[in-house]
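Secondary and tertiary structure notes
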2 protein chains.
Amino acid sequence: MDQGAYLAALQKYCPYADIRVWQDVVETNWQAEYALVWKPENELFQHQQSLVAVFNLGAGIDALEKLKDLPQDVPLYKLREAGMGQWMLEYVLYGLIHFGRHFDRYHRHQTAGRWEPKNTRSLREKRIGILGLGPLGQYVANSLHDMGYNIAGWSRSLKNDLPFPQSTGLESLNGFLAQSHFLVNLLPATDETFHILNADRLMRLPRDAVVISCGRGSIFDEHALLLQLQTHHLRGALLDVFEHEPLPIEHPFWKQDNIIVTPHIAAPTQADDAIKQVLADILDIELGGDQLY
Amino acid sequence: MDQGAYLAALQKYCPYADIRVWQDVVETNWQAEYALVWKPENELFQHQQSLVAVFNLGAGIDALEKLKDLPQDVPLYKLREAGMGQWMLEYVLYGLIHFGRHFDRYHRHQTAGRWEPKNTRSLREKRIGILGLGPLGQYVANSLHDMGYNIAGWSRSLKNDLPFPQSTGLESLNGFLAQSHFLVNLLPATDETFHILNADRLMRLPRDAVVISCGRGSIFDEHALLLQLQTHHLRGALLDVFEHEPLPIEHPFWKQDNIIVTPHIAAPTQADDAIKQVLADILDIELGGDQLY
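Residues numbered from 1 in each chain as written. Chains lettered and ligands numbered in written order. Predicted model: local features only at pLDDT ≥ 70, side-chain atom pairs only at ≥ 80, totals over all residues. Heavy atoms only, no water.

Looking now at helix 10 (residues 271-286) of chain B. Residues and elements named next belong to chain B. Helix length check: helix 10, at 16 residues, gives a terminal C-alpha distance of 22 Å against a target of 22 Å (1.5 Å per residue), a fit within 8%. Taken residue by residue, helix 10 has Ala271, Ala274, Ile275, Gln277, Val278, Leu279, Asp281, Ile282 and Asp284 as its buried positions. Residues of helix 10 that are buried sit in contact with helix 1 (3-13), strand 1 (34-37), strand 2 (53-56) and strand 3 (76-78). Positive phi shows up at Gly288, right after helix 10, with a value of about 100 degrees. (Helix = DSSP H or I, 4+ residues; strand = E, 2+ residues; numbered from the N terminus. Expected span 1.5 Å × (residues − 1). Buried < 20%, exposed > 50% of the residue type's maximum accessible area, 1.4 Å probe, protein only. Contact = heavy atoms within 4.5 Å.)

Put into structure tokens, the structure is as follows:
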């Protein structure tokens, strides 16, 4: 989180606002109307009496919600797409193409100097299941659908106006998994999603399925996921998020040759786009919320 | 080349045609009106007197044009996009994302168990130069442009109605190269393109540029390309086509760690789509060519 980039964007788009960094706020007991935060210390909220809204500078609010002094009566806004969608789409495309177009196989062949072209089916014939249809999940799913890929989505609650099939609720999850050649995790970390992909559910994925995980790592029982990859029930995994980050150096994921590990870089918050969304939301609040629409 | 797939598609879409495989044609001296070929032997054309058109089942006609008995007065058709565009797009996207989103760096970090997220600029800020604006080059360039990327094209002759900047002719090539953070080779193999990317021209690419080669391998002076990669003037290369295929086992490309070698798999001909295009062209010829339009 590059504080300077956010301050610069705020000053650019909102030059007349009174903007303070949190260290000054705590020391001076200054009262803010709007708090823009990312993984803040609980201390920040202990003496704030004038907050109108809290903005989380990311899509995932799991860390923020755990703070004991987060005011319960102040609305909490999170980043929606805010420029992160294209980054997430690129990350997911990388996993689809890497495994779907057999770059994993050709990488092994390259180390052996082997020239062995293999006929493969079009990636468009594979079924891509998107777990989680929040703003980022919808961005990725809609974009892949527009590119001609075969998409299905799963989320807790029904979303309107999606151009691809969706299933809803835990009772439909096993059937959804059984249909997914590629499973893309874009779920948030909540009590309900904790280890939602346990050993039993992972077994429902078809043989040779591929997992792309870029929502939150707590979705998976990591031990079960590893076992499915070691036994080659799953072909491979592209993992950006983990139960414990940074991923501990002794974690077996690092050395598993059909896992690609990246250090939570799939969709970094874009300061400029994020601040534009925050300011649009503040304007909305100041003008009386949804009366505008 | 899977002969069976082409025969099946021909029989499906054109059940009343008299279809023969070339071995029978040569042995029986059967006279064909239309020849559908891929890297044929010269012998095929020695005794054909009734050919109306020859269809090359691929985009590149370099092998075909070298045959001494290829009839000079019979029109030669090549595959245009014919379903290969999406495959080529995926291949190019893989190279863009692999290097542009630093998967090369994270792969090295993974082998060392290092968690080091790095701030990077959006891929949309990089300039992607497409060399070659035939049907496949245009498909790839238009698709990447539609996805929001910064595209420029270069080709021998000016193409109409492209939504991105293009430069034309050898005199503009150095300037085009100097602007390309990613250089995508989709040029055909002709006398004019042979070693068009020689040592001097490759030097014009900006430092840390990336090469993606999926047209024909004869475009590059491979020795010069290797040197630019060994010295890290270029960041990396994704190479599907080579001057000699299969790439000889002793070729240094195999072991160069910033080169990804694939065995000419970027855009395999799609039998079904190819036959549909051929039959549409034949119908066109039978109905009197461009009188229809």
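Continuing now.
On inspection of all chains with the given rule, the structure shows 24 salt bridges over all chains. Measuring nitrogen to oxygen at the nearest pair gives 3.1 Å for the salt bridge that ties Asp18 of chain A to Arg20 of chain A. In this structure, Arg216 of chain B and Asp62 of chain B form a salt bridge, with 3.2 Å as the shortest nitrogen-oxygen distance. Residue Arg216 of chain B is found in the loop between strand 8 (209-213) and helix 9 (222-230), and its partner Asp62 of chain B is found in helix 3 (residues 62-65); the two are separated by 154 residues along the sequence. (Salt bridge = Lys/Arg side-chain N within 4 Å of Asp/Glu carboxyl O.)

All names here are of chain B. Strand order in this open sheet of 7 strands is 6-5-4-7-8-9-10, and the pairing throughout is parallel. Strand pairing shows two members of the sheet lacking a second neighbour, strand 6 (166-168) and strand 10 (259-261), which therefore form its edges. Neighbour to neighbour, the strand axes of the sheet diverge by 15 degrees on average, direction disregarded. Across 3 bridges, the pairing between strand 5 (residues 150-155) and strand 6 is parallel. When the bridges of strand 6 are listed, Ser155 appears paired with Thr168. Across the sheet, helix 4 (residues 84-100) is in contact with strand 4 (127-131), strand 7 (182-185), strand 8, strand 9 (234-239) and strand 10; its angle to strand 9 comes to roughly 155 degrees. (Pairing = 2+ DSSP bridges. Axes fitted to C-alpha atoms, helices over the stretch in contact; angles between N-to-C directions.)

Direction vectors running N to C along helix 4 (residues 84-100) of chain A and helix 4 of chain B enclose 120 degrees, while the axes themselves pass 9 Å from each other. Our classification of the angle between helix 4 of chain A and helix 4 of chain B gives oblique. The element helix 4 of chain A and its partner helix 4 of chain B pack so that their crossing is left-handed. On helix 4 of chain B, the residues that touch Glu90, Leu93, Tyr94, Ile97 and His98 of chain A of helix 4 of chain A are Glu90, Leu93, Tyr94, Ile97 and His98 of chain B. Its residues assigned to classes, the contact of helix 4 of chain A with helix 4 of chain B comprises 6 nonpolar, 2 polar and 2 charged. (Parallel < 35°, antiparallel > 145°, perpendicular 65-115°, else oblique. Left-handed = near helix turned anticlockwise from the far one by under 90°. Nonpolar A, V, L, I, M, F, W, Y, C, P; charged D, E, K, R; others polar.)

Below, the discussion takes up the relation of the copies chain B and chain A. Of the transformation superimposing chain B on chain A, the axial component is 0.0 Å and the angular component is 180 degrees, with the fit at an RMSD of 0.0 Å. Both chain copies can therefore be described as sitting about a two-fold axis. Ranked by how close their C-alpha atoms come to the rotation axis, the residues of chain B are headed by Tyr94 of chain B, at 3.1 Å. Both copies share a contact surface, since 100% of the interface residues of chain B are interface residues in chain A too. (Least-squares fit on C-alpha atoms with pLDDT ≥ 70 in both.)

Glycine aside, the phi torsion of most residues is negative, and most peptide linkages are trans. In this model, Glu245 of chain A is joined to Pro246 of chain A through a cis peptide bond whose omega is -5 degrees. As for its position among the elements, Pro246 of chain A is in the loop between strand 9 (234-239) and strand 10 (259-261). Even without being glycine, His195 of chain B reaches a positive phi, approximately 55 degrees. Here His195 of chain B lies in the loop between strand 7 and helix 8 (199-202).

Residue and element names in this part refer to chain B. Across the sheet, which stays open at both edges, the 3 strands sit in the order 1-2-3 with parallel pairing between neighbours. Because the sheet does not close on itself, it has two edges, and the strands there are strand 1 and strand 3. Averaged over all pairs of adjacent strands, the angle between their axes in this sheet comes to 20 degrees, without regard to strand direction. Both strand 1 and strand 2 contribute to a ladder of 4 bridges, which runs parallel. Residue pairing across strands places Tyr34 opposite Ala53, the latter belonging to strand 2.

All names here are of chain A. Once the domains are mapped, chain A shows domain 1 (3-82 + 269-286) and domain 2 (84-261). On a C-alpha basis, the centres of domain 1 and domain 2 stand 32 Å from each other. In this complex, domain 1 contributes 10 residues to the contact, which on the side of domain 2 involves 9 residues. Summed over both sides, the interface of domain 1 with domain 2 buries roughly 780 Å², with 58% coming from carbon and sulfur. Contact with domain 2 buries surface across domain 1, with Asp62, Glu81 and Gln270 losing the most and accounting together for 61% of the total. Connecting domain 1 to domain 2 are 1 salt bridge. Our count for the domain 1 to domain 2 interface comes out at 4 residue pairs in polar contact (both at pLDDT 80 or more). Of the residues belonging to the side of domain 1 that touches domain 2, the class tally is 4 nonpolar, 3 polar and 3 charged. (Domains from an automatic or database assignment. Buried area = accessible area lost by both parts, 1.4 Å probe. Polar contact = N/O pair within 3.5 Å; in protein donor to acceptor, adjacent residues only side chain to side chain.)

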